[in-house]
Amino acid sequence: MSHDHHMNSTMVAATHPPEHDHSMATPGHGHGSGMMMMAMTFHFSYKDVPLLFSGLTINTPGEMAGAFVAVFFLAMFYEGLKIARECLLRKSQVSIRYNSMPVPGPNGTILMETHKTVGQQMLSFPHLLQTVLHIIQVVVSYFLMLIFMTYNGYLCIAVAAGAGTGYFFFSWKKAVVVDITEHCH
C-alpha cells in the first residue's frame, strides 16, 4: 500500500508550485473531505472565523463584535448557572440528619462531635431540575471550550472576560463553608 499522498507541507511545497499546495484543505477542495484546517496558534482575525456550526462564520468586524458580546454573555451565564445550581441544591435539601460520635478529648475526657448529613430524594422535582440544569451546564461548558479552541484572540478574551465578570457578579452569593476542625489549611 502506497502512502505517497501523506506528504508533509514542506515536501509538497518543494515538489509543487505554491498555488498547488494542498496542505490545508478548504471547503470543496482537498481530498474530498470538505473540511477546513483550523489555526493552532492564537490570532486576531475577523475573516473566515468558524463559530461552533458550519454555517456560522464570522467575516466582518461587526460580526466579530456581535460574536464577542454573545460569547461574553454566554460565559457569564455559565458562571451564573453554576452558582444558581448550588443555591437550588441548598434549598432543595429535604432530609437533615445529625449524627453524634464520641471523640477523645484532652486529659482523657470524651467529647461528642456532631455531623450533619443532608439527603435528597432521587425521584423529586428538585432533583429533576438539577439534572436538566446540569445538562445545560455541560453543553454550555463544551461550547465555551470549543469557542476557545478556535484560537481567535477576540473570542478567547470574550470567554475569559465573561467568565471573570460572571464570577464577580454571581459568586458573592456563594456560601463559604469553613470547617473549624480542619487543621490542614
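Preceding this section is the structure that the text describes.
Residues numbered from 1 in each chain as written. Predicted model: local features only at pLDDT ≥ 70, side-chain atom pairs only at ≥ 80, totals over all residues. Heavy atoms only, no water.

A. Spatial organisation of the pairing of strand E2 (residues 53-58). When strand E1 (residues 49-51) meets E2, the two strands line up antiparallel, connected through three bridges. From the neighbouring strand, Leu 51 faces E2, where its bridge partner is Phe 53. Connecting E1 to the next strand, E2, in antiparallel fashion are one residue, including Leu 52 with a positive phi near 70 degrees. (Pairing = 2+ DSSP bridges. Helix = DSSP H or I, 4+ residues; strand = E, 2+ residues; numbered from the N terminus.)

B. Main features of the side chain of Gln 137. Locating Gln 137 in the fold gives a position in helix H3 (residues 125-148). On the accessibility criterion, Gln 137 (13% relative accessible area) is buried. Ignoring anything within four residues of it in the chain, the contact list for Gln 137 reads Tyr 78, Leu 81, Lys 82 and Arg 85. (Buried < 20%, exposed > 50% of the residue type's maximum accessible area, 1.4 Å probe, protein only. Contact = heavy atoms within 4.5 Å.)

C. Focus on the pattern of salt bridges. Under the defined criterion, the tally for this structure stands at one salt bridge. The salt bridge partner of Glu 79 is Lys 82, with a shortest N-O separation of 3.3 Å. Of this pair, Glu 79 and Lys 82 both sit in helix H2 (residues 61-92), three residues apart, roughly one helical turn. (Salt bridge = Lys/Arg side-chain N within 4 Å of Asp/Glu carboxyl O.)

D. Expanded view of H3. Between its first and last C-alpha, H3 extends 35 Å over 24 residues, near the 34 Å set by a 1.5 Å rise per residue. Residues of H3 that are buried: Gln 130, Leu 133, Gln 137, Val 140, Leu 144 and Ile 147. Buried positions along H3 lie against E1, H2 and helix H4 (153-170). (Expected span 1.5 Å × (residues − 1).)

E. Molecular detail of the nonpolar core. Ranked by internal contacts, the top residues of the largest apolar core, which has 14 residues, are Leu 51, Ile 58, Val 71, Leu 144, Ile 147 and Leu 155. Elements that contribute at least two residues to this core include exactly E1, H2, H3 and H4. It is H2 that provides the largest number of residues to this core, a total of five residues. If we ignore the near neighbours within four places in the chain, the residues touching Ile 147 are Leu 51, Leu 52, Val 71, Leu 74, Leu 155 and Val 159. (Core = buried A, V, L, I, M, F, W, Y, C linked by side-chain atoms within 4.5 Å.)

F. Fine view of unusual backbone geometry. Although it is not a glycine, Asp 48 sits at a positive phi angle of roughly 55 degrees. By the element assignment, Asp 48 lies in the loop between helix H1 (9-15) and E1.

G. Structural context of the packing of H2 against H3. Here H2 crosses H3 at 155 degrees, and the two axes come no closer than 10 Å. On the basis of the axis angle, H2 is roughly antiparallel to H3. The interaxial crossing formed by H2 with H3 has left-handed handedness. Taking contact as the criterion, the partners of Val 71, Leu 74, Ala 75, Phe 77, Tyr 78, Leu 81, Lys 82, Arg 85, Leu 88, Leu 89 and Ser 92 in H2 are, on H3, Pro 126, Leu 129, Gln 130, Leu 133, His 134, Ile 136, Gln 137, Val 140, Ser 141, Phe 143, Leu 144 and Ile 147. Residues belonging to the contact of H2 with H3 are distributed by class as follows: 16 nonpolar, five polar and two charged. (Axes fitted to C-alpha atoms, helices over the stretch in contact; angles between N-to-C directions. Parallel < 35°, antiparallel > 145°, perpendicular 65-115°, else oblique. Left-handed = near helix turned anticlockwise from the far one by under 90°. Nonpolar A, V, L, I, M, F, W, Y, C, P; charged D, E, K, R; others polar.)

H. Up close: the packing of aromatic side chains. As enumerated under the stated definition, the model contains six aromatic pairs in all. Aromatic pair Phe 42 and Phe 148: ring centres 6.3 Å apart, planes at 80 degrees, arrangement edge-to-face. With a gap of 106 residues between them, Phe 42 in the loop between H1 and E1 and Phe 148 in helix H3 connect regions that are remote in the sequence. Look at Phe 42 and you get exposed, because its relative accessible area is 52%. Between Phe 53 and Phe 143 the ring centres are 6.1 Å apart and the planes differ by 80 degrees, which places this aromatic pair in the edge-to-face class. Here Phe 53 is found in strand E2, whereas its partner Phe 143 is found in helix H3, with 90 residues between them in sequence. Members of the aromatic cluster, connected to one another through ring pairs, are Phe 42, Phe 148 and Tyr 151. (Phe/Tyr/Trp six-rings, centres within 6.5 Å; stacked < 30°, edge-to-face > 60°.)

I. Quick look at a nonpolar patch on the surface. Residues Leu 52, Phe 53, Leu 56, Val 138, Tyr 142, Met 145, Leu 146 and Met 149 make up a contiguous nonpolar surface patch of roughly 720 Å² in combined accessible area. For the nonpolar patch, the secondary-structure elements that each account for two or more residues are E2 and H3. Per-element accounting of the nonpolar patch gives the leading share, four residues, to H3. Accessibility expressed as a relative area gives 40% for Leu 56, which makes it partly exposed. (Patch = residues over 30% accessible without salt bridge, like charges linked within 9 Å, V, L, I, M, F, W, Y side chains within 5 Å. Areas by Shrake-Rupley, 256 points an atom, 1.4 Å probe, with all protein chains shown as cover.)

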